[in-house]
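One-letter residues, chain by chain:
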Amino acid sequence: MPLPIKLNKSFFKIRFPGIVPDPRLITKQNIDEFDFEKYINTFKIDQTFKITQKNRQPLTDKSIIDLTINKKKISVLEVGSSCGVNSLDLIKNLSNRLENYFITDLFLNIPFITENRITYFYNPTTKRCIMATSDRFVFYDSLESRFVFLNKICNNILKNSPKLDENFRKLDFLHPIITKMKEGDSRIKTLEYNIFDKWFLEKVDVIKSANILNKSYFDDKQLNQALKNLSKSLNPEGILVITRNRSSNDQEIASFFKLDKNKNLSLIKEINGGIDFKFTLKS
Ligand SMILES: C[S@@+](CC[C@H](N)C(=O)[O-])C[C@H]1O[C@@H](n2cnc3c(N)ncnc32)[C@H](O)[C@@H]1O
């Protein structure tokens, strides 16, 4: 069972479940890419962790390439991309066919404040403190356990966080490789996008949603709302891919849908049984 308070690896230098890399270290200047990937995975905003890694859905990415092989130009919208590092392989494999790749996430940066040796991280929209880190512990919001005293300590720390005024710094969630890649390739675009809002740029040929649209994060109504928005962001014959890695063994599962002439999404392919929720949708 996940505990709301975890031990900080900067202090507890042993290998043990429940010890997490110190999230504060991601704010270091010139952090290298391997360390960045370690620290990004400790962040949790509301219901979702930012957990990601390179090349996490190779089967899904290969199928996207195969299903679009006849198209000369392809634009991709990836939602819930975290720091963007998992987009690298698809970008590389689309090669010259790539027109635009929108790497998007709910938040690409968040505010933080350090006071009395505790660093507090905030949801930029609600201004609520969602995580805090002391030298020894990491405190998570919305991770309730059956240990009431732990929940109480944790809530107390987060509730007594400093008010988010002008004296905050910003933590950039974009992976250093993506930041660098963007500078040399105008087809790579990074922006904040909430799947519960309408997509506000041009329609795309492929939408990839990895480890975000699933029942452990969102209820049926929310999933349907997000799917409605995404289906409206597709070009005719566009493909929506919903993929996820099983928590038990990281196995990749995916379902591919195509927008047909009547603007319905039809299932065209599944990997390892496909996603575990059904939806019926007219866009
Ligand atoms: C578990 S990570 C998945 C990262 C990556 N797609 C992967 O598979 O490795 C889930 C991501 O979804 C983002 N997210 C959560 N709610 C969202 C929303 N409403 N709109 C867009 N992104 C959201 C989180 O910020 C987080 O970065």
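Think of each chain on its own: its residues are numbered from 1, step by step along the sequence as written. Note on the predicted model: pLDDT of at least 70 is required for a residue's local features to be given, and 80 or more for side-chain atom pairs to be given and counted; whole-chain, interface and lining totals, by contrast, use all residues.

### A closer look at the overall build of the chain
Part 1: Runs of E in the DSSP output that reach at least two residues are strands. Runs of H or I that reach at least four are helices, and both are numbered from the N terminus. When helices and strands are tallied, the chain shows six helices and 16 strands.
Part 2: Here the globule rule reads 2.2 Å times residues to the power 0.38, and the radius of gyration is calculated from C-alpha atoms. Against the globule reference of 19 Å for 283 residues, the chain gives a C-alpha radius of gyration of 20 Å, in line with a compact fold.
Part 3: Projected onto the principal axes, the alpha-carbon positions of the chain cover approximately 60 × 40 × 35 Å.
Part 4: For the chain, the proportion of its 283 residues judged to be buried stands at 37%.
Part 5: Throughout, a pair of residues is in contact if the C-beta atoms placed from their backbones lie within 7 Å. Taking as baseline every contact in the chain between residues at least 6 positions apart, the subset at least 24 positions apart corresponds to 64%. Between the buried cut of 20 or more and the exposed cut of 12 or fewer other C-beta atoms within 10 Å of a residue's own C-beta lies the partly exposed class, and all C-beta atoms are placed from the backbone.

### Considerations on the site of the ligand
Part 1: The C-beta atom of each residue is placed using the backbone, and any residue whose C-beta lies within 6 Å of a molecule or strand is treated as near it. Around the ligand lies a shell of 20 residues, among which Thr 52, Gly 80, Ser 82, Ala 210 and Asn 211 are the nearest.
Part 2: Lys, Arg, Asp and Glu make up the charged group, whereas Ala, Val, Leu, Ile, Met, Phe, Trp, Tyr, Cys and Pro make up the nonpolar group; the residues left over, Gly among them, are polar. Residues that form the shell around the ligand fall into these classes: nine nonpolar, eight polar and three charged.

### Considerations on helix α2 (residues 58-67)
Part 1: Those residues of α2 that sit buried are Thr 60, Asp 61, Ser 63 and Ile 64. Along α2, the residues classed as buried sweep out an arc of 160 degrees about the axis, all on the same side. Away from the buried face of α2 by more than 90 degrees, exposed residues Pro 58 and Asp 66 are located.
Part 2: Of the surrounding elements, those touching the buried residues of α2 are α3 (88-94), β13 (204-210), β14 (234-245), β15 (252-259) and β16 (265-271). Summarising the geometry, the arc corresponds to the directions from the helix axis toward the C-beta atoms.

### Quick notes on the nonpolar core
Side chains of nonpolar character tend, in soluble globular proteins, to be buried together.
Part 1: With 65 residues, the main nonpolar core has Phe 121, Phe 139, Ile 207, Leu 240 and Val 241 as its most contacted residues.
Part 2: Domain extents, as shown, originate in an automatic or database domain assignment. Looking at this core, you find at least three residues from each of domain 1 (5-30 + 111-171) and domain 2 (58-107 + 173-271).
Part 3: The contacts of Leu 240, once residues within four sequence positions are left out, are Ile 207, Leu 230, Ser 231, Leu 234, Phe 257 and Leu 265. As used throughout, a nonpolar core is a set of buried Ala, Val, Leu, Ile, Met, Phe, Trp, Tyr and Cys residues joined through C-beta atoms within 7 Å of each other.

### Considerations on the sheet that holds β16
Part 1: Whether two strands pair comes down to DSSP finding at least two bridges between them. Spatially, seven strands are ordered β12-β6-β5-β13-β14-β15-β16 in an open sheet, and the strand pairing comes out mixed. Looking along the sheet, the strands with just one partner apiece sit at the ends: β12 (188-192) and β16. In this sheet, neighbouring strand axes are inclined to one another by 20 degrees on average, regardless of whether the strands run parallel or antiparallel.
Part 2: Pairing geometry for strand β5 (residues 74-79) and β13, over four bridges, is parallel. Counterpart to Leu 77 in the pairing with β13 is Ile 207.
Part 3: Geometry is summarised by axes, namely lines fitted to C-alpha atoms with helices restricted to the contacting stretch, and by angles between N-to-C directions that run from 0 to 180 degrees. Here α2 sits on the sheet and contacts β13, β14, β15 and β16; the angle it forms with β15, its principal contact strand, is near 25 degrees.

### Things to note about the pairing of β15
Part 1: Counting buried positions over the eight residues of β15 gives six, a clear majority of the element.
Part 2: In the sheet, β14 pairs with β15 via seven bridges, with the strands oriented antiparallel. The residue of β15 that forms the bridge with Arg 244 is Ile 253.
Part 3: Once β14 ends, the chain turns through six residues before running back antiparallel as β15, passing Asp 250 with a positive phi of about 65 degrees.
Part 4: Between the end of β15 and the start of β16, which pair antiparallel, lie five residues, with Lys 263 showing a positive phi angle near 65 degrees.

### Points about the environment of Leu 230
Part 1: Its location among the elements puts Leu 230 in helix α6 (residues 220-231).
Part 2: Taking the number of C-beta atoms within 10 Å as the measure of exposure, Leu 230 has 24 and is therefore buried.
Part 3: Along the sequence, Leu 230 and Leu 77 sit 153 residues apart, while their C-alpha atoms lie 9.4 Å from each other.
Part 4: Among residues more than four places away in sequence, those in contact with Leu 230 are Ile 195, Ile 207, Ser 209 and Leu 240.

### Side note on α6
Part 1: Here α6 contains 12 residues, and its C-alpha end-to-end distance of 16 Å stays within 8% of the 16 Å for a straight helix at 1.5 Å per residue.
Part 2: The set of residues buried in α6 consists of Ala 226, Leu 227, Leu 230 and Ser 231. Around the axis of α6, the buried residues are gathered within 130 degrees of arc, so they sit on the same side.
Part 3: On its buried face, α6 sits against β13, β14, β15 and β16. Multiplying 1.5 Å by the residue count of a helix minus one yields the expected span of that helix.

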